Amino acid sequence: MHNPLRPDIELPPPSPRIAELAGQCLDNIDGLIGDWLEMVRPVRTTYADRVPDVQFRDTAWHAFELLLRTVAQLPVPPHIAGVSQRVGEDRARQGVPLDALLQAARLDFRVVWAALVRRADPADMTELVESAYHVWEAVEGHVTGIMTAYQRTILEMGRREEDERRMWFARLLESEGRNPTVVRDAGLALGFTASGRYLCAASSAADGPGLHRAAMALRAAGAPVQQQMVGGDAVLVVQLGSRTTREGVLDQLGDSPCGVAPPTTGLSSVPRAAVLAVATAQVLPPDATSPRLLEDSWLDVLAHRAGDFARDLAADVLGGLDGPDVTATEADRLLQTVRTHLSGSGSIADTADALYCHRNTIQHRFARFHQLTGRDVRRPGDAALVAVALRADRG
């Protein structure tokens, strides 16, 4: 017996008598549907509002005709043969739970079997029992077709939804938050609130899996999240709330090397925050093993974003250290002293302690640095300029 529902299984055909009984049942599909509707009522209550009664009954009619024609070895018209796939696809789009759908479909066996038993003579019972496998295989083939189509449709719907989310996020970034219509529609597609508070993180493509893992965990915790590649960078946006704090997001990022922009209010401000997060990620040291905040990275970001001007700045501010009366050892010692001073509290005493020197030694080095470069790191303006030049020189 060739089962159109299970082409991978070849069974001996049911006896002519059982095929005849199945053919008789075809003449009373209305009665079978009535029995099935009564039996399936408790299951259907979970999704009755999602599937119209007419559609529910029509697909049941086609399903029972398919099952009975299969058992009776009668031709199956194409519009009947595709009912399993149609049911799976339609119910997936209608949001019917898969377990409830399959439970209802498996009740077909009980209805068809009961109908066969009612029509069988006592002498038919042995043949009927021997043919139970054919009836069960027909029902299971129908159930398998429903499940396969349902799962495939869910995957396709998920891909389309994710494609739509990516498209709207890209449009939000391209608009730079200046188009209120785009901001509104992007918020609807992404599940973000226009007036919400957001945190943006970014990393290189190589470190993107860390952001993806954080996005999965945050989404599972109920936080609105979007994570995708933007150009060559991975970007993560999280809407903060009472249970999703900045500290909580940083904990989820864990040991992922990434740049993190300051929290920002309003969906329209997210594009700029994403730019700042990417800028921070681009100045991460090669050995970074954790998130880095923009507030701790401004000097590096400014030096990096200055481009050719950064190199010119380094040459202008620090060029005097390459003069003929300065040895490489002295230049290194002066740079170490200045870096220690600028990265610390700004106190000469603290700098002296950090370098195990006398305060006067530090003062002399600052004076020498001033003499060679024209910049006095004890003056705030010069100190800021030297700090940026040092970052540019390091880059």
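The structure under discussion appears in the preceding block.
Residues numbered from 1 in each chain as written. Predicted model: local features only at pLDDT ≥ 70, side-chain atom pairs only at ≥ 80, totals over all residues. Heavy atoms only, no water.

**Observations concerning the nonpolar core**
Where we set the bar: To define a nonpolar core, start from buried Ala, Val, Leu, Ile, Met, Phe, Trp, Tyr and Cys residues and group those joined through side-chain atoms within 4.5 Å. Between buried and exposed lies partly exposed: a residue is buried under 20% and exposed over 50% of the maximum accessible area for its type, with that area taken using a 1.4 Å probe on protein chains only. Secondary structure follows DSSP: runs of H or I at least 4 residues long count as helices, runs of E at least 2 residues long count as strands, and numbering of each begins at the N terminus.
Within the largest apolar cluster, 45 residues are counted, with the highest numbers of intra-cluster contacts made by Trp36, Val40, Tyr47, Phe64, Leu68, Val112 and Leu116. At the level of elements, helix H1 (16-26), helix H2 (29-44), helix H3 (53-72), helix H5 (83-94), helix H6 (98-119) and helix H8 (132-175) are the ones that each hand at least two residues to this core. The biggest single contributor to this core is H6, with 11 residues. Listed in part, the 25 residues of the second largest apolar core include Ala310, Leu372, Val377 and Val388.

**Notes on the pairing of strand E1 (residues 197-204)**
Look at any regular strand and the pattern is simple: side chains alternate between the two faces of the sheet. Put simply, the test is: Pairs of strands are assigned from DSSP output, requiring at least two bridges between the strands.
Extensive coverage of E1 is indicated by the burial of 6 of its 8 residues. Judged from the 8 bridges that link them, E1 and strand E3 (residues 233-240) form a sheet pairing that is antiparallel. In the sheet register, Leu199 faces E3, and the bridge partner there is Val238. Pairing geometry for E1 and strand E5 (residues 264-265), over 2 bridges, is antiparallel. Within the sheet, the bridge partner assigned to Arg197 lies in E5 and is Thr265. Across 2 bridges, the pairing between E1 and strand E4 (residues 258-260) is antiparallel. What sits directly across from Ala201, in E4, is Val260.

**Focus: the packing of aromatic side chains**
Operational definition: Note on aromatic pairs: the rings of Phe, Tyr and Trp (six-membered ring only in Trp) are paired at centre separations within 6.5 Å, and the planes decide the class, stacked below 30 degrees, edge-to-face beyond 60, tilted for the rest. Charge-over-ring contacts are defined here by two conditions on Lys NZ or Arg CZ: a distance within 6 Å of the ring centre and an angle within 35 degrees of the ring normal.
This model, assessed by the stated rule, comprises 6 aromatic pairs. With centroids separated by 5.1 Å and ring planes inclined at 85 degrees, the aromatic side chains of Phe109 and Trp136 adopt a geometry described as edge-to-face. Here the residue Phe109 occupies a position in helix H6, and Trp136 occupies one in helix H8, the gap between them amounting to 27 residues. When the centroid spacing of 5.2 Å and the interplanar angle of 70 degrees are considered together, the rings of Phe192 and Tyr198 count as edge-to-face. Just as Phe192 is buried, Tyr198 falls in that class too. Chaining the aromatic ring pairs together yields one cluster made of Trp36, Tyr47, Phe56 and Phe64. Directly above the ring of Phe56 sits Arg44, whose terminal nitrogen or CZ lies 4.1 Å from the centroid.

**Quick look at the pattern of salt bridges**
The following threshold applies: Every case where a carboxyl oxygen of Asp or Glu lies within 4 Å of a side-chain nitrogen of Lys or Arg is listed as a salt bridge.
Taken as a whole and judged by the stated rule, the model has 24 salt bridges. Because the salt bridges share partners, they merge into one network encompassing Arg17, Glu20, Asp121 and Asp124.

**Some details on the pairing of E3**
By the criterion of burial, E3 is predominantly enclosed, with 8 of the 8 residues buried. Side-chain alternation along E3 places Asp233, Val235, Val237 and Gln239 on one buried face and Ala234, Leu236, Val238 and Leu240 on a second face that is also buried. Bridging between strand E2 (residues 225-230) and E3 involves 6 bridges; their strand directions are antiparallel. Each bridged residue has a counterpart across the sheet, and for Val230 the counterpart in E3 is Asp233. What sits between E2 and E3 in their antiparallel hairpin is a turn of 2 residues, with Gly231 showing a positive phi close to 65 degrees.

**What to know about unusual backbone geometry**
In this model, Gln73 sits at a positive phi of 60 degrees, which is unusual for a non-glycine residue. Locating Gln73 in the fold gives a position in the loop between H3 and helix H4 (78-81). For Gln73, a relative accessible area of 42% translates into the label partly exposed.

**Quick notes on the layout of surface pockets**
Counted only if it meets this: Cavity means a closed set of points on a 1 Å grid over the protein atoms alone, one where a 1.4 Å probe fits but cannot get out, pocket means an open set with protein on both sides within 12 Å along at least 5 of 7 lines, and lining means a residue has an atom within 4 Å of a point. Grid points are joined across faces, edges and corners, and a volume is the space filled by probe spheres set on the points. As a working rule, the residues Ala, Val, Leu, Ile, Met, Phe, Trp, Tyr, Cys and Pro are called nonpolar, Asp, Glu, Lys and Arg charged, and the rest polar, with Gly in that last group.
Each pocket or cavity is described by its volume, and for the second largest pocket that value is around 220 Å³. Around the second largest pocket sit Leu173, Glu176, Arg178, Val230, Asp233, Val235, Pro271, Arg272, Ala274, Val275, Val278 and Arg305, which together line it. Looking at the lining of the second largest pocket, the elements with two or more residues in it are E3 and helix H12 (270-281). Ranked by residue count, the leading element in the lining of the second largest pocket is H12, at 5 residues. Grouping the amino acids of the lining of the second largest pocket by side-chain chemistry returns 7 nonpolar, no polar and 5 charged.

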